[in-house]
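# Structural characterization, general
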Amino acid sequence: MFRLDNKTAIITGGGSGIGKAIAVVFANQGARVHILDMDEQGATSVVKEITTDGGKAHFYKCDVSKQAEVKQIVDGIAAGGAIDILINNAGIAHIGTADSTAEADFDRLVSVNVKGVYNCLHTVLPHMKQNGGSILNMASIASLVGIPDRFAYSMTKGAVVGMTLSVAKDYLKYNIRCNCISPARVHTPFVDGFLAKNYPGNEAEMFEKLSKTQPIGRMGKPEEIGYLALYLCSNEASFITGCDYPIDGGFTKLNN
Ligand code: NAD
C-alpha cells in the first residue's frame, strides 16, 4: 500500500533536522527506519514520535566517524534482514577560509562529513550487494557554487559528490543506485546553531538576510528534502543513479 513497504532504511543523523524529516517521511511510507546518531535525546524522541504514529523506528547511538562502531551496528541490522536504503545525512559545519581554518577543524570536518560517509558505505555495501538497494548522500550547494567562508565544509561536500559517483559506477552491477542531494539553506537546528554562534544577538536579522539569498525568498523546510529523498529511494526512481540534485529555491541557477 505504501511506497516503502517492507524496506529497511539506515539514516545517519536522523535525530534532528533533515535526517529527522527523512526518517518521518520514510516511516510514514512503510519503511523500517534505523537511526544512527550521536544525539541520544534527539534521536530517541524521533523514534518515539514515529512509533507513536504506528511506524517502525529504532535508534543506535553512534559516531559515524568511528568505523568499528558503525560496523557493529550495521552488521546487527543486516542480521535481521536486507538493508535496502542507506541515507548518509549526518554532517557538521564550519566557518572559515583556507587560511583561517585550523588543522584540527579541517580534520574534524573530514572525519564526520567524509570518513563518516565512507564508514557507512564500506560497512553497508557488502550486505546491500546481495539484494540491491538505493543510497542517498547529503551534499550541499557548497559543492556546486562558491560559498564564502566555507572552505572545509565545501571541500567535504565535494568529496561526498565524488564518493557518490564512484559508488554509482562500481555498484550498478549489483542493482544499487547511488545519488546525492545538494540543498541550499534549510531551516534546521544546524542553521539556528550557526546563527547563534556567529551572529549572537543578531540572529533574526541574519535569518532574514540568508533567506533572501534564495530566489524563492525563504529557507527550505526539512520535509521538502524528505520528499525528494523519498522519490530518489523509491522504485519510481529506478532510472536515476549517479546524480546530484540541487534543492535550493533557485539558489544555484537563478541568482544572477
Ligand atoms: P542538524 O544539525 O539539524 O542534524 C544533524 C544530525 O547529525 C544531528 O542529529 C547530529 O547529532 C548528527 N550528527 C552529527 N555528527 C554526527 C556523528 N559524528 N555521528 C552521528 N551523528 C552525527 O543538521 P541538518 O541541517 O539537518 O543537516 C543534515 C545534513 O544536511 C548535513 O550533512 C548538512 O551538511 C546537510 N545540509 C544542511 C543544510 C541546511 O541548511 N540545513 C544545507 C545543505 C546541506
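Residues numbered from 1 in each chain as written. Predicted model: local features only at pLDDT ≥ 70, side-chain atom pairs only at ≥ 80, totals over all residues.

In the nomenclature of an unreviewed UniProt entry, the chain corresponds to Short-chain dehydrogenase from the organism Niastella populi. Recorded in UniProt for the chain, the comment headed Sequence similarities (unreviewed entry) runs: "Belongs to the short-chain dehydrogenases/reductases (SDR) family." (UniProt positions renumbered as here; feature names shortened; annotations may be inferred.)

Axis separation between helix α1 (residues 17-28) and helix α2 (residues 40-52) bottoms out at 10 Å; the angle between their running directions is 20°. Considering their axes alone, α1 and α2 lie roughly parallel with respect to each other. The interaxial crossing formed by α1 with α2 has right-handed handedness. Contacts between α1 and α2 involve Lys20, Ala23, Val24 and Ala27 from the first element and Val46, Glu49 and Ile50 from the second. Here the residues of the contact of α1 with α2 sort into 5 nonpolar, no polar and 2 charged. (Axes fitted to C-alpha atoms, helices over the stretch in contact; angles between N-to-C directions. Helix = DSSP H or I, 4+ residues; strand = E, 2+ residues; numbered from the N terminus. Parallel < 35°, antiparallel > 145°, perpendicular 65-115°, else oblique. Left-handed = near helix turned anticlockwise from the far one by under 90°. Contact = placed C-beta atoms within 7 Å. Nonpolar A, V, L, I, M, F, W, Y, C, P; charged D, E, K, R; others polar.)

Below, the discussion takes up the sheet that holds strand β5 (residues 133-138). Note on sheets: strands pair through backbone hydrogen bonds, and any given pair is parallel or antiparallel. Pairing is parallel across the open sheet formed by 7 strands, whose spatial order is β3-β2-β1-β4-β5-β6-β7. Either end of the sheet is taken by a strand with one partner, and the two such strands are β3 (56-61) and β7 (244-247). Ignoring which end each strand starts from, the neighbouring axes of this sheet average 20° apart. Where strand β2 (residues 32-37) lies against β3, 6 bridges are found, and the strand directions are parallel. Along β3, the bridge assignment pairs leucine 36 with tyrosine 60. (Pairing = 2+ DSSP bridges.)

How large an interface is tends to be reported as the accessible area lost when its parts come together. What the domain assignment reports for the chain is domain 1 (8-184 + 222-247) and domain 2 (187-219). Measuring from the centre of the C-alpha atoms in domain 1 to the corresponding centre in domain 2 gives 24 Å. Contact residues are listed per partner, giving 7 residues for domain 1 and 6 residues for domain 2. Classifying every residue of the side of domain 1 that touches domain 2 gives 5 nonpolar, 2 polar and no charged. (Domains from an automatic or database assignment.)

Turning our attention to the site of the ligand. Residues in close proximity to the ligand total 30 residues, the closest being Gly13, Gly17, Gly91, Thr188 and Phe190. The set of elements that each furnish at least two residues to the shell around the ligand consists of α1, α4 (103-128) and α6 (189-198). Within the shell around the ligand, the residues separate by chemical class into 13 nonpolar, 13 polar and 4 charged. In terms of domain composition, the shell around the ligand takes at least three residues from each of domain 1 (8-184 + 222-247) and domain 2 (187-219). (Near = placed C-beta within 6 Å.)

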